[in-house]
Amino acid sequence: MDWQQRPRCDETAVWPRLVAHFRQRFAGPRAFDLRQAFAQDARRFERFSLEAPPLLADLSKQLLDEPAQQLLTELARECRVEAHRDAMLAGERINTSERRAVTHVHWRWVSGQGLAPVEQAPAAIKNVASVIPEAAAVQADMLAFAEAVRANPGITDVVNIGIGGSDLGPRLAVQALRAAGQTSGPRLHFVANMDGHELAELLPRLSADRTLFIIVSKTFGTAETLRNAQSARDWFLAQGGADVARHFVAVSANAAAARAFGAGRCFGFDEGVGGRFSLWSPVGLAIAIAIGRAGFQALLAGARALDRHFAEAPLARNLPVQLALLDLWCRNFLGLASRCVAPYHYGLRQLPAYLQQLEMESNGKRVDLGGRALTAASAAVTWGQAGSNGQHAFFQMLHQGSDVVPVEFVLVARCAHGLPGHHDKLLANALAQSRALMLGQAGDLPERHFPGNRPSTTLLLPELSPHSLGALLALYEHRAFVLGSLWGINSFDQWGVELGKRHAGAIEAALCGQPPGDELDGSTRGLLARLRGH
Ligand code: F6P
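Parameters and conventions
- Residues numbered from 1 in each chain as written.
- Predicted model: local features only at pLDDT ≥ 70, side-chain atom pairs only at ≥ 80, totals over all residues.
- Heavy atoms only, no water.
- Axes fitted to C-alpha atoms, helices over the stretch in contact; angles between N-to-C directions.
- Helix = DSSP H or I, 4+ residues; strand = E, 2+ residues; numbered from the N terminus.
- Parallel < 35°, antiparallel > 145°, perpendicular 65-115°, else oblique.
- Left-handed = near helix turned anticlockwise from the far one by under 90°.
- Contact = heavy atoms within 4.5 Å.
- Nonpolar A, V, L, I, M, F, W, Y, C, P; charged D, E, K, R; others polar.
- Near = heavy atom within 4 Å.
- Polar contact = N/O pair within 3.5 Å; in protein donor to acceptor, adjacent residues only side chain to side chain.
- Areas by Shrake-Rupley, 256 points an atom, 1.4 Å probe, with all protein chains shown as cover.
- 1 Å grid on protein atoms, 1.4 Å probe; cavity = no way out; pocket = protein on both sides within 12 Å on 5 of 7 lines; lining within 4 Å.
- Sits in = over half its atoms within 2 Å of the grid points.
- Pairing = 2+ DSSP bridges.
- Expected span 1.5 Å × (residues − 1).
- Buried < 20%, exposed > 50% of the residue type's maximum accessible area, 1.4 Å probe, protein only.
- Core = buried A, V, L, I, M, F, W, Y, C linked by side-chain atoms within 4.5 Å.

This next bit is on the packing of helix α1 (residues 14-26) against helix α4 (residues 66-78). Two numbers describe how α1 lies on α4: the axes approach to 10 Å, and their chain directions differ by 165°. The orientation of α1 relative to α4 falls into the category roughly antiparallel. Pair α1 / α4 crosses with left-handed handedness. For the pair α1 and α4, the contacting residues are Val14, Trp15, Arg17, Leu18, His21 and Phe26 in the first and Pro67, Ala68, Leu71, Leu72, Glu74, Leu75 and Glu78 in the second. Its residues assigned to classes, the contact of α1 with α4 comprises 9 nonpolar, 1 polar and 3 charged.

Here we take up the site of the ligand. Around the ligand, the structure places 13 residues, and the nearest of them are Ser166, Ser217, Thr219, Thr222 and Glu361. A distance of 2.6 Å separates an oxygen atom of the ligand from a polar side-chain atom of threonine 219. Side-chain polar atom of glutamine 357 to an oxygen atom of the ligand: 3.1 Å apart, as the coordinates give it. Relative to its unbound accessible area of 400 Å², the ligand is 86% covered by the protein chains. Judged by its atoms lying within 2 Å of the grid points, the ligand is housed in the largest pocket. Among the residues making up the shell around the ligand, the classes are represented as 2 nonpolar, 9 polar and 2 charged.

Another point: the sheet that holds strand β10 (residues 407-412). The mixed open sheet is built from 6 strands, whose spatial order is β1-β2-β11-β10-β8-β9. Of all the strands in the sheet, just β1 (49-52) and β9 (381-384) have a single pairing partner and so form its edges. Direction aside, the axes of adjacent strands within the sheet are offset by 20° on average. Examined bridge by bridge, β10 and strand β11 (residues 456-461) share 6 bridges and lie parallel to one another. Directly across from glutamate 408, in β11, lies its bridge partner threonine 457. Helix-sheet contacts for helix α17 (residues 423-439) involve β8 (338-344), β10 and β11, and the interaxial angle to β10 is about 155°.

This brings us to helix α14 (residues 319-333). Compared with the 21 Å implied by 1.5 Å per residue over 15 residues, the 20 Å span of α14 between its first and last C-alpha is a close match. The buried count for α14 comes to 15 of 15 residues, which makes it a mostly enclosed element. At the exit of α14 stands glycine 335, carrying a positive phi of roughly 70°.

Moving on: the nonpolar core. One finds Leu75, Ile214, Leu285, Leu328, Trp329 and Leu351 to be the most contacted residues of the largest nonpolar core, which totals 125 residues. A total of 14 residues in this core trace back to one element, the largest contributor, which is helix α13 (residues 285-312). Dropping the residues within four chain positions of it, leucine 351 is found in contact with Leu172, Val341, Pro343, Val410, Leu473 and Tyr476. Ranked by size, the runner-up nonpolar core spans 21 residues in total, among them Val159, Leu202, Trp235 and Val244.

Strand order in the open sheet formed by 5 strands is β4-β3-β5-β6-β7, with parallel pairing between adjacent strands. Strands at the two margins of the open sheet, each flanked by one partner only, are β4 (187-191) and β7 (265-267). For this sheet, the mean inter-axis angle between neighbouring strands, taken without regard to orientation, is 20°. Each of β3 (157-161), β4, β5 (211-216) and β6 (248-251) is contacted by helix α10 (residues 223-238), which is oriented at about 160° to β5, the strand it contacts most.

Here it is, written out as structure tokens:
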């Protein structure tokens, strides 16, 4: 296949030119300085900001100059990112280790309402109906079910039980849109952790005959989700609940297991939807219950706006491509091992956790598609917290710590609450932080010195709505894909999560009373003995 013959970033002709440019302009005592860059170029903001409506990204406070940006864009061209993108959009099996197509984008281009956005799709998005033939009908069913739940006064609470991608996307979207005043209908709750404290805290607040449980698991085999689902069902029966099938529905690619559990309905989806990319599929049922059919369609429309931009904008103005190139520049040239995400909106407080899975599960790999060890470092650590809370926690380290950490500020221009004097203060604080990181300050005492020249990106949304949230999350998805593509890795598998799961079985048996096997190491045996003694 065409897209398989792509060079890895460090094996391109442009890579040594990037290395040379980095050494000349970004290393040593005369290294690039943001303050000088702004002093020398009054149009730096215009030059380094990009738009993918409704989003704007300001990269002007990044340690980046135009030659570096041009060389990086050439890198994307030489790595044939566009061919790889088009292969994904055409439904080719780009997830090679699992021999699957990658279909989350396709789920945004079906409609259960008889509309056919696929007819207006960018040329690269092909075969939606043949890649995911069941999707239109399933999406229509799912949205009709969501509307029925919303209209049913007998259901006051809905509990989404799932973990990882079966939790993080729906949880983020519901939290975000609730804070933005866009949700209505029954109360929504999310339970993910196998730690029973989470479920135990929720159950006493529920009434069995008024609660709907949605068990979300692509595989229907994830230990956390099955444990929580079983406990919820036990609780439901113990409360006198009679009709499990009416009060438990499933979202899964494993309909047989969902039925065996007792779920009355199962909204299915295909194997090509990776967990961390799945909120557009029936995994978004909780979102649809929160914002209704029209809201869910607006979420998909926002994501489609970014799909179109990603598919059609030239590489030099393509926002996900340029953000991925910046990530690569920060990681492989500037040597920055982490990135802080600071959303300045209470509704987006879950964004760092969501991005941790999206970025680190996708690109935390050490071999390329051909199984060869990578020579360039892969995924940086994604971390962060909502602002302004983070300012009173770790921003000290961002300003004066020994490590330079690029910060990604996410700002929302308009707020949804009516409390005067809050939002302007919040936005001012975000802008002040990125300015202070860049400018620094000469101090009379060493401890009052701020080195400055510390990089940040600012992403700007006009307001928090289903449409803008859809665009933001699709932007992050495409960026993670492009970064993996440049590194030559498969962003769509996650073999690294398997090993720990396997060990857990043997350890649990030992914890529950079976004699520990000789294969257990001394530390684990010692800790087990202590735990069993309590
Ligand atoms: O943590 C591994 C993982 O497989 C994630 O990739 C996935 O999102 C999560 O577990 C949940 O998986 P499932 O939806 O199959 O329960």
